[in-house]
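Spelled out, the chains give:
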Amino acid sequence: MRALLVVTVPAAQLRRAHFAESLLVELCSVAGPVLVSVLVVAGGPVAALAGMAALSLLGALLMRAVPPLRPAPVRPAGLLPPRDTQLVSLLVLWVGLAYGLLMANVPQRMAEYGLDSGASGWFTAALPAGACLGGLVVSARPLPRHRALRTTLALLLVSAVLAVPSGLAADALGYAVGLFAAGLLMVPLNGLMATEIEGRMGLRRRAEAFSYFGSASVAGGAGATSWPGRSTGGSIPPASGCSRPSRSWRWPWSWAPRSSPVPAGGAGRSVPHI
C-alpha cells in the first residue's frame, strides 16, 4: 500500500505522506477493536465477521480508483533485502515484535485487574490511541532523514522507557494510561523507517522496498502473537476463578516469566506469563 503513495501524492509531500499513512493505520487500530467489541455485544461473533467482510469489500472497491504503479526496471536479486537496507529491515522487525508483545499481553493482564477477557478490546485500543497523538505531531512536522538510524535507535530507547509504566500498573486505569504512553512513538518510528528504506532503494524500487518493510513488520508481529501462547503452554488464563497474581517486575520489551495462580489439579506447576 505504501508503494502506491508515489502515484497518489505530490512528490513534495511524499515524506509527510509516510507519517500520515502510519497515523491512519493507527486510527484504524483504535476504531477497529472498539467496533468489533460493539458488534460482538450487539450481534455476536457473526456480526463482527460480517462487518469485517463489508469493510474489506469497501476497501477493495476504493482501490480501483488508485492509478497503477509502473513495474520496477530490474528484478530483485534474491529473497533477502539488499545489504544497505538489512539494518532497517531488522529494526522494523524489532519494532513489530516489541509493540506486538505489548498488544498480545493485554488479554492475559485482564485477570490481574479482575476483568473478563472480553474487556481487552478497550485496552488494546489504548496503545494505538497514543500512537495517533504522536502521529499527529510528526504528520504536521515530519522527522528529517538526517541521521535517521541514530534517531530511530534513540526513539527505541525512549519507547522502552515509556513502556515501563504499563508493566508496573497496579490498576486497570494505570494500565490503560501506560499503554497509551507506550504507543506515543509508534508512528514516528514507522514513518522514519519507511522513509529511510525508500530513500535507500529509490522511488523506482519502492514496491520492492515496502515488500521487505511489510514482511519484516508482519514477522515481528507474528512472533509477538505466538510468544504468549508458548509461554502459557498454549492457553490464556481464564478471567474468572483466579486469585490476584503476586506483583513482580515485568519489562514489557523482553520476555521474563512469572508465575500465575496454580491451576486446579496442578499443584506444583506454574504457568509463565510475559
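Residues numbered from 1 in each chain as written. Predicted model: local features only at pLDDT ≥ 70, side-chain atom pairs only at ≥ 80, totals over all residues. Heavy atoms only, no water.

## What about the overall build of the protein chain?
- On a plain count of helices and strands, the protein chain comes out with 9 helices and 0 strands.
- Counting all 274 residues of the protein chain, 39% fall into the buried class.
- In the protein chain, once contacts between residues fewer than 6 apart in sequence are set aside, the share between residues at least 24 apart is 77%.
- By element, 69% of the accessible surface of the protein chain is carried by carbon and sulfur atoms, the whole surface being about 14,500 Å². (Helix = DSSP H or I, 4+ residues; strand = E, 2+ residues; numbered from the N terminus. Buried < 20%, exposed > 50% of the residue type's maximum accessible area, 1.4 Å probe, protein only. Contact = heavy atoms within 4.5 Å. Areas by Shrake-Rupley, 256 points an atom, 1.4 Å probe, with all protein chains shown as cover.)

## Some thoughts on helix α6 (residues 148–168)
- Taking 1.5 Å per residue, 21 residues should reach 30 Å; α6 reaches 31 Å between its end C-alpha atoms and fits that length.
- Among all positions of α6, only Ala148, Thr152, Leu155, Leu156, Ser159, Ala160, Ala163, Val164, Ser166 and Gly167 are buried.
- Looking at the buried residues of α6, the elements they touch are α2 (86–104), α3 (106–109), α7 (172–182) and α8 (186–201). (Expected span 1.5 Å × (residues − 1).)

## A word on the environment of Val25
- On the secondary structure map, Val25 appears in helix α1 (residues 14–63).
- Sequence separation between Val25 and Pro128 is 103 residues; the distance between their C-alpha atoms is 8.8 Å.

## So, the packing of α2 against α8
- Between α2 and α8, the shortest axis-to-axis distance is 10 Å and the interhelical angle comes to 160°. It follows that α2 is roughly antiparallel to α8 by the angle criterion. Crossing of α2 against α8: the hand is left-handed. On α8, the residues touching Val88, Ser89, Leu91, Val92, Val95 and Tyr99 of α2 are Met186, Leu189, Asn190, Met193, Glu196, Ile197 and Arg200. (Axes fitted to C-alpha atoms, helices over the stretch in contact; angles between N-to-C directions. Parallel < 35°, antiparallel > 145°, perpendicular 65-115°, else oblique. Left-handed = near helix turned anticlockwise from the far one by under 90°.)

## Brief notes about the packing of aromatic side chains
- Inspection of every chain in the model, using the stated rule, returns 2 aromatic pairs.
- Between Tyr113 and Tyr175, the aromatic rings sit 5.5 Å apart at their centres with planes inclined by 35°, giving tilted as the arrangement. Placement of the pair is Tyr113 in the loop between α3 and α4 (120–124) and Tyr175 in helix α7, with a sequence separation of 62 residues.
- For Tyr113, a relative accessible area of 13% translates into the label buried.
- Positioned over the ring face of Tyr175 is Arg109, at 4.5 Å from the centre of the ring. (Phe/Tyr/Trp six-rings, centres within 6.5 Å; stacked < 30°, edge-to-face > 60°. Lys NZ or Arg CZ within 6 Å of the ring centre and 35° of its normal.)

## Overview of the packing of α6 against α8
- For the pair α6 and α8, interaxial distance at closest approach is 10 Å and the crossing angle is 160°. One finds that α6 runs roughly antiparallel with respect to α8. Viewed along their axes, α6 and α8 form a crossing whose handedness is left-handed. On α8, the residues that touch Ala148, Leu149, Thr151, Thr152, Leu155, Leu156 and Ser159 of α6 are Pro188, Leu189, Leu192, Met193, Glu196 and Arg200.

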